[in-house]
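Fold and geometry: a report
Spelled out, the chains give:
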Amino acid sequence: MANDGVEKGEETEQMIEKEAVQEAGGARGDAKEIRAVVLSGYGGLNKLRVTKKAMPEPQGRDIKIRVKACGLNFIDLMVRQGNIDNPPKTPLVPGFECSGIVEGLGDTAKGFEIGDRVMAFVNYSSWGEVVCTPMEFVYKIPDDMGYPEAAAFPMNFVTAYMMLFEVANLREGMSVLVHSAGGGVGQAVAQLCSTIPDVTVFGTASSFKHEAIKDSITHLIDRNADYVQEVKKVSPDGVDIVLDCLCGENTGKGLGLLKPLGTYILYGSSNMVTGETKSFFSFAKSWWQVEKVNPIKLYEENKVMAGFSLLNLLFKQSRSDQVRAVMDKLLALYSQKKIKPLVDSLWALEEVKEAMQRIHDRGNIGKLILDVEKTPTPLMANDSTETSEAGEEEEEHEGDNGSKERTPFIQ
Ligand SMILES: NC(=O)c1ccc[n+]([C@@H]2O[C@H](COP(=O)([O-])OP(=O)(O)OC[C@H]3O[C@@H](n4cnc5c(N)ncnc54)[C@H](OP(=O)(O)O)[C@@H]3O)[C@@H](O)[C@H]2O)c1
């Protein structure tokens, strides 16, 4: 689990760690191969395996990171299924964020030294022992932030912050509706809302999570309940901000719930994931149900409709400076102890299937982390640890779900 605070001697340990990387980094860096999770093709969990890959080397502005922990996000399930726009060619190493130690720098990289503790966004490939990513996507981590916490930080908190403060302009006294309130982004939204006085948060989540997250959400609603009615019982006028990661029929419901001058933001399409493999029916249904919005109606009703995609902002729209400014604000909030990533559980790379299954099963409260140095439990070890080459074709069946009946390992 995440390192919860600065323990005695931790600073010294970090200095020793830094020196050890500087001196012995060469020895580790000499290794020609790394372990990485590879997605051999789009589909079910059986498309994932841990295999050996060539050691990546930094080019130009790249920072080479010895990875300690990686974030596992809902979008990784969608990538695995091929449920995204323009999916890249497989085989590929998934993963969009990690934390670790700087082990090398490209010729033109600056601002970092070998041994620095960092967290980073990566445009795929973070789920391995070593990764290279351009310096604009790398951030130093505070001394009292553990590696699992750091891997849980960038995607969830930057997304939550930019939606609340840069798109929707959250202010004192406002109200917010967020779905999947017990998940990674949901909990980041709840924590950031608590930094502004008198903000009311409505959150939908599976009911077994309610006890665990009740202090972070003002009004918890079961995910199967009629949330429009539940919100209106408390606030007949609706809410100021709707954060919709579900899509489909929820776009119309969310827009309908907005107060005048309220903002609806679509930032995900979790509803499209209805099984282990991509379902064209769920995909089509979700798109079909999306409210077709006439701007004239928005004008008449004084409503704002927006969309947000952090990965596009970073990797397609070159807004890394804007994201760095947000990260600076978030790190200040972290140092003031106003926000803190909630880590659900740690998993070895070899346990990636079980970790993903936990999200499919809606079991997570907070963020799942792949801990690169964790040894897999014996139950998992003979399942997903294989050294076959990526790209190998396997049979794929809709709903094929070999690992579903196993109890996931939870720390
Ligand atoms: N646009 C962006 O930049 C951006 C960035 C990060 C995340 N996102 C989106 O934000 C959402 C949350 O992401 P996250 O990474 O923090 O994940 P997460 O919320 O931790 O995701 C897992 C939770 O989502 C809920 N859920 C809703 N539909 C589900 C489904 N079809 N299958 C399984 N679980 C489902 C479940 O909670 P309950 O059962 O309690 O509802 C589940 O425990 C996702 O839609 C993701 O794509 C968008």
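Residues numbered from 1 in each chain as written. Predicted model: local features only at pLDDT ≥ 70, side-chain atom pairs only at ≥ 80, totals over all residues. Heavy atoms only, no water.

As annotated in an unreviewed UniProt entry, the protein chain is Synaptic vesicle membrane protein VAT-1-like protein from Callorhinchus milii. The UniProt entry for the protein chain carries the following text under Sequence similarities (unreviewed entry): "Belongs to the zinc-containing alcohol dehydrogenase family. Quinone oxidoreductase subfamily." (UniProt positions renumbered as here; feature names shortened; annotations may be inferred.)

Let us look at the side chain of Asp 371. When you line up the elements, Asp 371 lands in strand 15 (residues 367-371). Salt bridges are absent for the buried Asp 371, whose nearest opposite-charge side chain, Lys 374, sits at 7.1 Å. Aside from chain neighbours lying at most four places away, what touches Asp 371 is Lys 68, Leu 346, Trp 347, Ala 348 and Leu 349. (Helix = DSSP H or I, 4+ residues; strand = E, 2+ residues; numbered from the N terminus. Buried < 20%, exposed > 50% of the residue type's maximum accessible area, 1.4 Å probe, protein only. Lys, Arg positive; Asp, Glu negative; His and termini not counted. Salt bridge = Lys/Arg side-chain N within 4 Å of Asp/Glu carboxyl O. Contact = heavy atoms within 4.5 Å.)

Enumeration over the complete set of coordinates arrives at 18 salt bridges. A salt bridge links Lys 64 to Glu 57, with the shortest nitrogen-to-oxygen separation between them at 3.2 Å. Judged by its relative accessible area of 40%, Glu 57 falls in the partly exposed class. With a shortest N-O distance of 2.9 Å, Lys 68 and Glu 373 are connected by a salt bridge.

The next thing to look at is the site of the ligand. Taken together, 26 residues are adjacent to the ligand, and Ser 206, Ser 270, Val 273, Leu 310 and Asn 364 come closest. A distance of 2.8 Å is found between an oxygen atom of the ligand and a backbone nitrogen or oxygen belonging to Val 185. Of all elements in the fold, only helix 4 (154-167), helix 5 (184-193) and helix 13 (352-360) reach the threshold of two or more residues within the shell around the ligand. In terms of residue count, the dominant contributor to the shell around the ligand is helix 4 (3 residues). Broken down by class, the residue content of the shell around the ligand amounts to 11 nonpolar, 12 polar and 3 charged. (Near = heavy atom within 4 Å. Polar contact = N/O pair within 3.5 Å; in protein donor to acceptor, adjacent residues only side chain to side chain. Nonpolar A, V, L, I, M, F, W, Y, C, P; charged D, E, K, R; others polar.)

The biggest cluster of nonpolar side chains holds 102 residues, and the ones touching the most others in it are Phe 121, Phe 153, Leu 243 and Leu 330. The dominant element in this core, judged by the number of residues it contributes, is helix 4, at 8 residues. When residues are assigned to domains, this core turns out to be shared by domain 1 (33-149) and domain 2 (154-341), each giving three or more. With sequence-adjacent residues up to four places away left out, Phe 153 is seen in contact with Glu 97, Met 119, Met 145, Val 158, Met 327, Leu 330, Leu 331, Tyr 334, Ile 339 and Pro 341. In this structure, Leu 177, Val 228, Val 239 and Tyr 264 belong to the second largest nonpolar core, which totals 13 residues. (Core = buried A, V, L, I, M, F, W, Y, C linked by side-chain atoms within 4.5 Å. Domains from an automatic or database assignment.)

Let us look at unusual backbone geometry. With omega at 0°, the peptide bond leading from Thr 90 into Pro 91 counts as cis. Tracing the backbone through its elements, the reader meets Pro 91 in the loop between helix 2 (74-81) and strand 4 (97-105). Of note, the phi angle at Asn 302 is positive, near 55°, even though the residue is not glycine. Mapped onto the secondary structure, Asn 302 falls in the loop between helix 10 (295-301) and strand 13 (303-307). Residue classification places Asn 302 among the partly exposed positions, given a relative accessible area of 42%. Even without being a glycine, Ser 318 presents a positive backbone phi close to 50°. Here Ser 318 is to be found in the loop between helix 11 (310-315) and helix 12 (320-335). The class for Ser 318 is exposed, based on a relative accessible area of 62%.

Before going further, it helps to spend a moment on the confidence of the model for the protein chain. Overall, the prediction assigns the protein chain a mean pLDDT of 87, with 84% of residues at 70 or greater. Counting interchain partners and residues more than four positions distant, the pLDDT-below-50 stretch residues 1-29 has 44 contacts. Contacts from residues 380-411, a stretch scored under 50 in pLDDT, to residues over four places away or in other chains number 74 contacts. (pLDDT = per-residue confidence, 0-100.)

Attention now moves to the packing of aromatic side chains. Under the counting rule described, the total for this entry stands at 6 aromatic pairs. Here the aromatic rings of Phe 96 and Tyr 124 are separated by 4.8 Å at their centres, their planes lie at 55°, and the arrangement is tilted. Of this pair, Phe 96 sits in the loop between helix 2 and strand 4 while Tyr 124 sits in the loop between strand 5 (117-121) and strand 6 (130-134); the two residues are 28 residues apart in sequence, bridging distant segments of the chain. This pair shows no difference in class: Phe 96 is buried, exactly as Tyr 124 is. (Phe/Tyr/Trp six-rings, centres within 6.5 Å; stacked < 30°, edge-to-face > 60°.)

Before going further, it helps to spend a moment on helix 7 (residues 227-234). Along helix 7, the residues that are buried comprise Tyr 227, Val 228 and Val 231. With its buried residues spanning 105° around the axis, helix 7 presents them on a single face. N-capping of helix 7 is provided by Asp 226, with a side-chain oxygen placed 3.2 Å from the backbone N of Val 228. (Arc of directions from axis to C-beta.)

The next thing to look at is the environment of Arg 117. Tracing the backbone through its elements, the reader meets Arg 117 in strand 5. Considered as a pair, Arg 117 and Tyr 147 are 30 residues apart in the sequence and their alpha carbons are 8.5 Å apart. Polar side-chain contacts of Arg 117 include one of 2.7 Å to the backbone oxygen of Met 145.

Turning to its location among the elements, Ser 175 is positioned in strand 8 (residues 175-178). The class for Ser 175 is buried, based on a relative accessible area of 6%. Once the C-alpha coordinates of Ser 175 and Asp 198 are considered, the two residues, 23 residues apart in sequence, prove to be 8.7 Å apart. Beyond its immediate stretch of four places on either side in the chain, Ser 175 contacts Thr 200, Phe 202, Gly 238, Val 239, Asp 240, Ile 241 and Lys 259.

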